[in-house]
Amino acid sequence: MKIAIYGQYYKENTQEIISKIFTVFKNYTVEIVFESNFYKVIEEEKILQQPFPIFNSHKDLDGSFDMFISIGGDGTMLRAATFVRDKNIPILGINAGRLGFLATVPQESIEKLLPLIFEKNYNISSRTLLSLDYEGKDESLDNLDYALNEITVSRKDTTSMITVETRLDGDYLNSYWADGLIISTPTGSTGYSLSCGGPILTPGANSLVITPIAPHNLNARPLVIPDDTYIELKVSSREEQHLVSLDSRIIAVETETILKIQKTDFKINLVEFPHEKFLDTLRKKLLWGEDKRN
Ligand SMILES: NC(=O)c1ccc[n+]([C@@H]2O[C@H](COP(=O)([O-])OP(=O)(O)OC[C@H]3O[C@@H](n4cnc5c(N)ncnc54)[C@H](O)[C@@H]3O)[C@@H](O)[C@H]2O)c1
Ligand SMILES: Nc1ncnc2c1ncn2[C@@H]1O[C@H](COP(=O)(O)OP(=O)(O)OP(=O)(O)O)[C@@H](O)[C@H]1O
């Protein structure tokens, strides 16, 4: 099995996590390839007993890889998706972070759960993504014009609200007067959208959520729409530019630009183990099980 390993940070517990992974791997035939920046740091820390091959960018990943292991929190998982892109390589998230909604394997369970990938005892949770297009698209996007969690428009360099004219399949929906607007996938529904009052969607729901950020149209509420809807947003503002975010990445765009948002034709596959399924994560991470009355 050929496995890519990626992490954004080296912290005091990274060595222990890598050592647990290697303890499992030594029982199987595994070809390990590290992401180059992560490899540089762990080499400096001298925790590897032999050299390993590296990959530098998404271009170095191909169909020969069976699995992509992300060591970190949800932010690292979002970055992992930018390496994997449309390559269909399943991503397994080891949670070295805090919440770990997407990175579902706790450090303590590495030795128990990792062997399951070799026994093929896991499910794939396919996640919908959103793509962004507009005339004069920013080159800095470097083809990273899609989001696993959400695409958001928001105000820039002003405390004044922006107006977000919104069309669904060409039909006028509303002009939100707000700090911004979130278009969220089911995956992103437990992220920013949730903080703004949006509903939680299970990963398999074929829907998207449009959630305004602090709307002054007090009647405006989060709206669930089919995920094959073609969404157009046009922001008006006192400023010349507004912000557009795709997950953790952010760019400035001229106001009055028509932003075209739709579902991508590929998905990101997350590895899901028994007992670490979405519904378990909901109860554990959003503390639903903490109400002692039931
Ligand atoms: N007010 C908010 O809630 C708010 C504001 C901005 C961004 N975000 C979220 O943060 C994401 C970017 O992550 P980052 O690491 O760069 O920022 P960050 O460091 O500010 O982390 C944001 C938090 O959101 C959590 N998170 C991310 N994706 C999630 C998901 N799908 N379900 C549940 N929780 C999730 C992370 O665990 C982390 O605790 C964005 O995609 C957005 O969803 C949330
Ligand atoms: N490779 C790693 N080794 C050890 N700890 C890590 C590693 N990557 C991340 N962490 C820890 O997790 C924290 C958060 O990481 P990350 O930015 O990936 O997630 P996040 O978006 O903040 O989400 P979460 O709430 O899940 O932590 C880091 O500040 C660090 O403490």
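As the structure is a prediction and not an experimental result, all values here were calculated from the model. (Residues numbered from 1 in each chain as written. Chains lettered and ligands numbered in written order. Predicted model: local features only at pLDDT ≥ 70, side-chain atom pairs only at ≥ 80, totals over all residues. Heavy atoms only, no water.)

### Quick notes on the overall build of the protein chain
Here's step 1: Along its length, the protein chain carries seven helices and 20 strands.
Here's step 2: For a compact globule of 294 residues, the expected C-alpha radius of gyration is about 19 Å, and the protein chain comes in at 20 Å, within 12% of that figure.
Here's step 3: Counting only residues that meet the buried cut, the protein chain has 52% of its 294 residues in that class.
Here's step 4: Relative to all contacts within the protein chain whose residues are 6 or more apart in sequence, the contacts with residues 24 or more apart total 68%.
Here's step 5: For the protein chain, the exposed area adds up to about 14400 Å²; of that, 46% sits on carbon and sulfur atoms.
Here's step 6: Of the charged side chains in the protein chain, 31 are positive and 41 negative; the average position of the first set lies 5 Å away from that of the second. (Helix = DSSP H or I, 4+ residues; strand = E, 2+ residues; numbered from the N terminus. Rg over C-alpha atoms; globule rule 2.2 N^0.38 Å. Buried < 20%, exposed > 50% of the residue type's maximum accessible area, 1.4 Å probe, protein only. Contact = heavy atoms within 4.5 Å. Areas by Shrake-Rupley, 256 points an atom, 1.4 Å probe, with all protein chains shown as cover. Lys, Arg positive; Asp, Glu negative; His and termini not counted. Charge placed at Lys NZ, Arg CZ, Asp CG, Glu CD.)

### Examining the site of ligand 1
Here's step 1: What surrounds ligand 1 is a group of 15 residues, the closest being Asp74, Glu150, Thr190, Ser195 and Ser248.
Here's step 2: A distance of 2.9 Å is found between a nitrogen atom of ligand 1 and a side-chain nitrogen or oxygen belonging to Asn149.
Here's step 3: Between ligand 1 and Thr190 there is a distance of 2.6 Å, counted from a nitrogen atom to a side-chain nitrogen or oxygen.
Here's step 4: Computed on the free molecule, ligand 1 has an accessible area of 770 Å², of which 65% lies beneath the protein chains in the complex.
Here's step 5: Among the elements of the structure, helix 3 (74-84) and helix 6 (192-195) are those that each provide at least two residues to the shell around ligand 1.
Here's step 6: Each residue belonging to the shell around ligand 1 can be placed in one class, and the counts come to five nonpolar, seven polar and three charged.
Here's step 7: If you count residues domain by domain, the shell around ligand 1 takes at least three from each of domain 1 (2-128 + 267-290) and domain 2 (130-263). (Near = heavy atom within 4 Å. Polar contact = N/O pair within 3.5 Å; in protein donor to acceptor, adjacent residues only side chain to side chain. Nonpolar A, V, L, I, M, F, W, Y, C, P; charged D, E, K, R; others polar. Domains from an automatic or database assignment.)

### Describing the site of ligand 2
Here's step 1: Among the 17 residues in the neighbourhood of ligand 2, the closest are listed as Tyr9, Thr14, Gly75, Thr76 and Arg98.
Here's step 2: In the model, an oxygen atom of ligand 2 is placed 2.2 Å from a nitrogen or oxygen of the Arg98 side chain.
Here's step 3: Summarising the interface, the protein chains cover 80% of the accessible area of ligand 2, which totals 610 Å² for the free molecule.
Here's step 4: Broken down by secondary-structure element, the contributors of at least two residues to the shell around ligand 2 are strand 4 (67-72) and helix 3.
Here's step 5: The dominant element in the shell around ligand 2, judged by the number of residues it contributes, is helix 3, at three residues.
Here's step 6: Here the residues of the shell around ligand 2 are counted per class, giving five nonpolar, nine polar and three charged.

### A look at the environment of Leu114
Here's step 1: With respect to the secondary-structure elements, Leu114 resides in the loop between helix 4 (110-113) and helix 5 (115-118).
Here's step 2: Of the residues examined, Leu114 reaches a relative accessible area of 3% and is grouped as buried.
Here's step 3: Those residues in contact with Leu114, other than ones at most four positions away along the chain, are Ile21, Val24, Phe25, Ile69, Leu92 and Ser109.

### Quick word on the side chain of Ser125
Here's step 1: Tracing the backbone through its elements, the reader meets Ser125 in strand 7 (residues 123-127).
Here's step 2: Here the side chain of Ser125 touches Arg127 through a polar contact of 2.8 Å, side chain to side chain.
Here's step 3: Residue contacts for Ser125: discarding those within four places in its chain leaves Pro203, Ile268, Asn269, Leu270 and Glu272.

### Describing the environment of Met67
Here's step 1: On the secondary structure map, Met67 appears in strand 4.
Here's step 2: For Met67 and Ile258, which are 191 residues apart along the polypeptide, the C-alpha to C-alpha distance reads 37 Å.
Here's step 3: Excluding anything up to four places from it in sequence, Met67 contacts Lys2, Ile3, Ala4, Ile89, Pro90, Leu92, Ile117, Tyr122 and Val271.

### Examining the sheet that holds strand 18 (residues 249-254)
Here's step 1: A sheet is described by the order of its strands in space; here six strands give the open sequence 15-14-13-10-17-18, paired in antiparallel fashion. Each having just a single partner strand, strand 15 (223-226) and strand 18 make up the two edges of the open sheet. The sheet shows a mean angle of 20° between the axes of neighbouring strands, direction not considered.
Here's step 2: When strand 13 (residues 180-184) meets strand 14 (residues 207-213), the two strands line up antiparallel, connected through five bridges. By the bridge assignment for strand 14, Leu181 is matched with Pro212. (Pairing = 2+ DSSP bridges. Axes fitted to C-alpha atoms, helices over the stretch in contact; angles between N-to-C directions.)

### Section: the UniProt feature "active site" (unreviewed entry) in the protein chain
Here's step 1: Mapped onto this structure's residue numbering, the UniProt feature "active site" (unreviewed entry) falls at Asp74.
Here's step 2: Here Asp74 shows up in helix 3.
Here's step 3: Classification of Asp74 by relative accessible area gives buried; the value is 18%.
Here's step 4: When near neighbours in sequence (up to four residues on either side) are disregarded, Asp74 contacts Leu99, Gly100, Phe101, Leu102 and Ala103. (UniProt positions renumbered as here; feature names shortened; annotations may be inferred.)

### So, the sheet that holds strand 12 (residues 171-178)
Here's step 1: Taken in spatial order, the six strands line up as 9-8-19-16-11-12 in an open sheet, and their pairing is antiparallel. Edge positions in the sheet fall to strand 9 (146-147) and strand 12, since each of these pairs with one other strand and no more.
Here's step 2: With seven bridges joining them, strand 11 (residues 162-168) and strand 12 adopt antiparallel strand pairing. Paired with Glu165 across the two strands is Ser175, which belongs to strand 12.

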